[in-house]
4 protein chains.
Amino acid sequence: MATRRPAPAQPDWLCLERVVRFGDTDAAGVMHFHQALRWCHEAWENSLERYGIEASSVFPGCRDQKNAPTIALPVVHCEADFSRPVFGGDQLQVLIAPERLNPGSFEVRTRFQLEGVDVARGLIRHVAINPSTRQRCALPEAIDRWLEASCLGQISSL
Amino acid sequence: MATRRPAPAQPDWLCLERVVRFGDTDAAGVMHFHQALRWCHEAWENSLERYGIEASSVFPGCRDQKNAPTIALPVVHCEADFSRPVFGGDQLQVLIAPERLNPGSFEVRTRFQLEGVDVARGLIRHVAINPSTRQRCALPEAIDRWLEASCLGQISSL
Amino acid sequence: MATRRPAPAQPDWLCLERVVRFGDTDAAGVMHFHQALRWCHEAWENSLERYGIEASSVFPGCRDQKNAPTIALPVVHCEADFSRPVFGGDQLQVLIAPERLNPGSFEVRTRFQLEGVDVARGLIRHVAINPSTRQRCALPEAIDRWLEASCLGQISSL
Amino acid sequence: MATRRPAPAQPDWLCLERVVRFGDTDAAGVMHFHQALRWCHEAWENSLERYGIEASSVFPGCRDQKNAPTIALPVVHCEADFSRPVFGGDQLQVLIAPERLNPGSFEVRTRFQLEGVDVARGLIRHVAINPSTRQRCALPEAIDRWLEASCLGQISSL
């Protein structure tokens, strides 16, 4: 007998929402493609925040930050795929799946869904560097914790 | 005897929130000024949504919209003032005060606060037009209702 | 006898151009309003560049910049007026008129024209501050020179 | 004997320029990653324009456009790689290499260089659709001509 699948037990820091705004559209009447990359980065920031990591421990340019973080996380690659048109007013689910690639790098895959159906996907890959020398280094501890917890979160939701 | 003023009883569609994201900053380490105008427009959209007005009844480019709305609401004027620096990660309160100017025009004043202190203000003025002829016309009914309710909301919070 | 008015003799650092791009539009089929503020700031940067002022002497975040400039120029006020719709593909003339307001502040008025007809206007007001203390200070010398030359340029074009 | 390689004989509609603006940076002091995707799309628009194709024959939302084009070209995939930091004020060369993938699809690869050295690369893939039915169709004739000419341009520059 067919039963309705229960909603996945993903932790809330991996299941976000986003409403598409009028300014995200273009004259073709749908979301302008590069907004999706902005949404991916903001979803990542939102996820860190919900997990309990303060912006000031990861990003430069935060309030009362005596020094910028000693590790920067520049984007080295990003991509996005668009499978269905996304319209202004759409209330999207934003599912993110982070993955550590090596001790100094991770990526975040983001799926945008409308009522459970994928409309777009994105991916952002970061590396850890020393912002002064721009040499590669290990990921910040806070990011490591979030990556580990996210990974468990994804498993526990199977 | 000095007493603590109670929090204002503003309806929730006039009291919004916004977290400043990393991509909103520039190399001076603070919010890049024109983001505030984007925030003002998005706050207006958010307010309509919370009040119960569907995006598709006001904006073109929405899902399942057989026809675009018969009235467009272009911006004819906008402005913003910046009184204190705004940083990435700041969790802002966004207070909006709409006002009908005449039967075919309204404006929305937006105050951005951090812990009750103003950091920036914005204003967007719209006129109603027929999108085909671009002639001025009366505001859409839904906007009229929201303006009226917002006005009462502001009074009741005194 | 009617004669054709000669083109104004404005120096080229006050007469710029801008082509409206597809991503500048929204689902109403015209330029999305807040892009105009971005254009105003970029026109100012372009003007400085054409006049011969290096970005690194004014803005932080430039290449081979051992230290950020000792004076920052945050925006304290901006505004824009929209008189006619602006469409994707429009090839706009961008006329800028800078003005010193006092020793520590200036504003730049920008007119966007299509074939000599105003379609939008913008204004950005900056103050000079010490970026560490955020105390007001005098404008950088380079900006002072550009303001003076621009002022002469505007007079000579009468 | 070492000789200086002559500048490539690329047609000018494939060799563009772009100056990085202050608003393109973030608080890490370098270009914010998703701006690169915007630049890729704008470089494509610029290329069409230089080749002699009017925006109104390709994009909706143009002036004096009685009807929107009968073929839309949504982005189905985009990506970017960042190999070196890009700073405000950088004067980038923008080299674009378009390729037809099949009768109804093409992609544009974009290389951003500073003094001949790659700093970032981008790619945008478009498909042709009927904007009403959203069914796939053949590319517009103007795009076909530009793709063919660009292809010859790339060969002639070897």
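None of these values were measured; they are calculated from a predicted model.

Here's the deal with the overall build of chain A
- A count of helices and strands for chain A gives 2 helices and 5 strands.
- Secondary structure elements of chain A occur, N-terminal to C-terminal, as β-α-β-β-β-β-α.
- Expressed along its principal axes, the backbone C-alpha trace of chain A runs to roughly 55 × 45 × 30 Å.
- Working note: accessible area of chain A is about 7,600 Å², and carbon and sulfur atoms make up 50% of it.
- Averaging the locations of the 17 positively and 19 negatively charged side chains of chain A gives two centres separated by 1 Å.

Observations regarding the interface of chain C and chain D
- Taken together, the contact between chain C and chain D spans 26 residues of the former and 27 residues of the latter.
- Buried surface at the junction of chain C and chain D, summed over both partners, amounts to about 2,000 Å²; 50% is from carbon and sulfur atoms.
- Sorting the residues of chain C by area buried against chain D places R21, F22 and R63 of chain C first, and these three jointly supply 35% of that buried surface.
- The interface formed by chain C and chain D contains 4 salt bridges.
- Of the charged contacts in the structure, one is a salt bridge between D90 of chain C and R63 of chain D, with a shortest N-O distance of 2.6 Å.
- At the junction of chain C and chain D, the tally comes to 10 residue pairs in polar contact (both at pLDDT 80 or more).
- For the side of chain C that touches chain D, the element with the most residues is helix α1 (residues 35-51) of chain C, which contributes 6 residues.

Overview of the sheet that holds strand β2 (residues 75-82) of chain A
- Strand order in the open sheet formed by 10 strands is β1(A)-β3(A)-β4(A)-β5(A)-β2(A)-β2(D)-β5(D)-β4(D)-β3(D)-β1(D), with antiparallel pairing between adjacent strands. The sheet terminates laterally at β1 (15-19) of chain A together with β1 (15-19) of chain D, the two strands that pair on one side only. Adjacent strand axes in the sheet meet at a mean angle of 20° when their direction is disregarded.
- Relative to strand β3 (residues 91-102) of chain A, β1 of chain A is paired through 5 bridges, and the arrangement is antiparallel. Along β3 of chain A, the bridge assignment pairs L16 of chain A with V94 of chain A.
- In the packing of helix α1 (residues 35-51) of chain A onto the sheet, contacts are made with β1, β2, β3, β4 (105-114) and β5 (117-127) of chain A together with β2 (75-82) of chain D, and the angle to β1 of chain A comes to roughly 135°.

Quick look at the pattern of salt bridges
- All chains considered together, the criterion is met by 48 salt bridges over all chains.
- A salt bridge links R21 of chain A to E49 of chain B; the nearest nitrogen and oxygen atoms lie 2.9 Å apart. Taken together, the residues R21 of chain A in the loop between β1 and α1 and E49 of chain B in helix α1 (residues 35-51) connect one chain to another.
- Among the residues examined, R21 of chain A registers a relative accessible area of 11% and is labelled buried.
- Residue E49 of chain B is classed as partly exposed on the basis of its relative accessible area, which comes to 28%.
- R18 of chain B is paired through a salt bridge with E42 of chain B; the nearest N and O atoms lie 3.1 Å apart. Here the residue R18 of chain B occupies a position in strand β1 (residues 15-19), and E42 of chain B occupies one in helix α1, the gap between them amounting to 24 residues.

Regarding the environment of F33 of chain D
- Mapping F33 of chain D onto the fold places it in the loop between β1 and α1 (35-51).
- Each C-alpha atom, one on F33 of chain D and one on P131 of chain D, is 30 Å from the other, the two residues being 98 residues apart in sequence.
- The contacts of F33 of chain D, once residues within four sequence positions are left out, are L37, H41, V75, C78 and I124 of chain A together with F82 of chain D.

So, the pairing of β2 of chain D
- By the bridge criterion, 5 bridges tie β2 of chain A to β2 of chain D in an arrangement that is antiparallel. The residue bridging C78 of chain A from the neighbouring strand is A80 of chain D, located in β2 of chain D.
- Two strands pair when backbone bridges link them, and β2 of chain D and strand β5 (residues 117-127) of chain D are joined in this way by 7 bridges, in the antiparallel orientation. Looking at β5 of chain D, one finds that E79 of chain D is bridged to L123 of chain D.

Description of the relation of the copies chain C and chain D
- Superposing chain C onto chain D takes a rotation of 180° plus a shift of 0.0 Å along the axis, which leaves an RMSD of 0.0 Å. The superposition operator between the copies reduces to a two-fold rotation axis. Relative to the rotation axis, the C-alpha of R18 of chain C is the closest in chain C, positioned 6.4 Å from it.
- In this assembly, 100% of the residues forming the interface of chain C have copies in chain D that are likewise at the interface, indicating an isologous arrangement.

Some words on the packing of aromatic side chains
- With the rule as written, the count across this model stands at 24 aromatic pairs over all chains.
- Seen from their ring centres, W44 of chain A and F59 of chain A are 5.3 Å apart, and the 75° between their planes marks the pair as edge-to-face. Of the two residues, W44 of chain A is situated in helix α1 and F59 of chain A in the loop between α1 and β2; the sequence distance between them amounts to 15 residues. Taken individually, W44 of chain A and F59 of chain A each receive the classification buried, so the pair is uniform in this respect.
- Among the aromatic side chains, those forming a connected cluster through ring pairs are F22 of chain A together with W44, F59, F106 and W146 of chain B.

What about the confidence of the model for chain A?
- Counting all residues, the mean pLDDT for chain A is 93, and 92% of those residues have values of 70 or more.
- Scoring of the predicted complex yields 0.94 for pTM and 0.92 for ipTM.

Digging into the environment of R136 of chain B
Residues and elements named next belong to chain B.
- Considering the arrangement of structural elements, one finds R136 in the loop between β5 (117-127) and α2 (141-156).
- The exposed category is assigned to R136, whose relative accessible area is 53%.
- Separated by 76 residues in the primary sequence, R136 and P60 place their C-alpha atoms 18 Å from one another.
- If we skip the residues at most four places from it in the chain, R136 touches N102, G104, S105, V127, A128 and I129.

Thoughts on the side chain of D26 of chain D
- As for its placement among the helices and strands, D26 of chain D is situated in the loop between β1 and α1.
- With near-sequence residues (within four places) excluded, D26 of chain D lies in contact with F22, T25, D26 and A27 of chain B together with M31 and H32 of chain D.

What about the relation of the copies chain A and chain D?
- Once chain A has been moved 0.0 Å along the axis and rotated by 180°, it coincides with chain D to within an RMSD of 0.0 Å.
- The share of interface residues of chain A whose copies in chain D are also at the interface is 100%, consistent with both copies meeting through the same surface.

Remarks on the state of the cysteines
- A full pass over the atoms with the stated rule returns 0 disulfides over all chains.
- The closest cysteine sulfur to the non-disulfide-bonded C62 of chain A is located on C137 of chain A, 18 Å from its own sulfur.
- Of the cysteine sulfurs around C15 of chain C, a residue in no disulfide, the closest is that of C40 of chain C, at 15 Å.

Parameters and conventions
- Think of each chain on its own: its residues are numbered from 1, step by step along the sequence as written.
- Following the order in which they are written, the chains are lettered starting with A and the ligands numbered starting with 1.
- The model is predicted, so local features are restricted to residues of pLDDT at least 70 and side-chain atom pairs to those at 80 or more, both for listing and for counting; the totals for chains, interfaces and linings are taken over all residues.
- As a rule here, side-chain values cover all heavy atoms of the structure and leave hydrogens and water aside.
- Think of it this way: any DSSP run of H or I at least four residues long counts as a helix, any run of E at least two long counts as a strand, and we number them from the N terminus.
- To be clear on the numbers: accessible area is Shrake-Rupley with a 1.4 Å probe, and residue cover counts the displayed protein chains and nothing else.
- All tallies of charge rest on Lys and Arg as positive and Asp and Glu as negative; His and the ends of each chain are not included.
- Positions of charges follow a simple convention, taking NZ of Lys, CZ of Arg, CG of Asp or CD of Glu.
- Should any heavy atoms of two residues lie within 4.5 Å, those residues are counted as being in contact.
- Buried area: the accessible surface (1.4 Å probe) lost by two parts on joining, summed over both.
- Whenever a carboxyl oxygen of Asp or Glu lies within 4 Å of a side-chain nitrogen of Lys or Arg, that contact is scored as a salt bridge.
- For the purposes of these results, a polar contact is taken to be a pair of N or O atoms within 3.5 Å, where, inside protein, one atom must be able to donate a hydrogen and its partner to accept one; residues adjacent in sequence count only when each atom of the pair is a side-chain atom.
- Being paired, for any two strands, means DSSP has found at least two bridges between them.
- All axes here are fitted lines through C-alpha atoms, helices being fitted over the stretch that makes contact, and every angle between N-to-C directions spans 0 to 180 degrees.
- Whether a residue is buried, partly exposed or exposed follows from its accessible area with a 1.4 Å probe, protein chains only, as a fraction of its type maximum: under 20%, in between, or over 50%, in that order.
- Residues reaching a pLDDT of at least 70 in both copies supply the C-alpha atoms on which the copies are superposed by least squares.
- The pairing test for Phe, Tyr and Trp rings, Trp by its six-membered ring, is centres within 6.5 Å, and the orientation test on the planes gives stacked under 30 degrees, edge-to-face over 60, and tilted for anything in between.
- Values of pLDDT, ranging from 0 to 100, describe the predictor's confidence in every residue of the model.
- Disulfides are defined as cysteine sulfur pairs within 2.5 Å.

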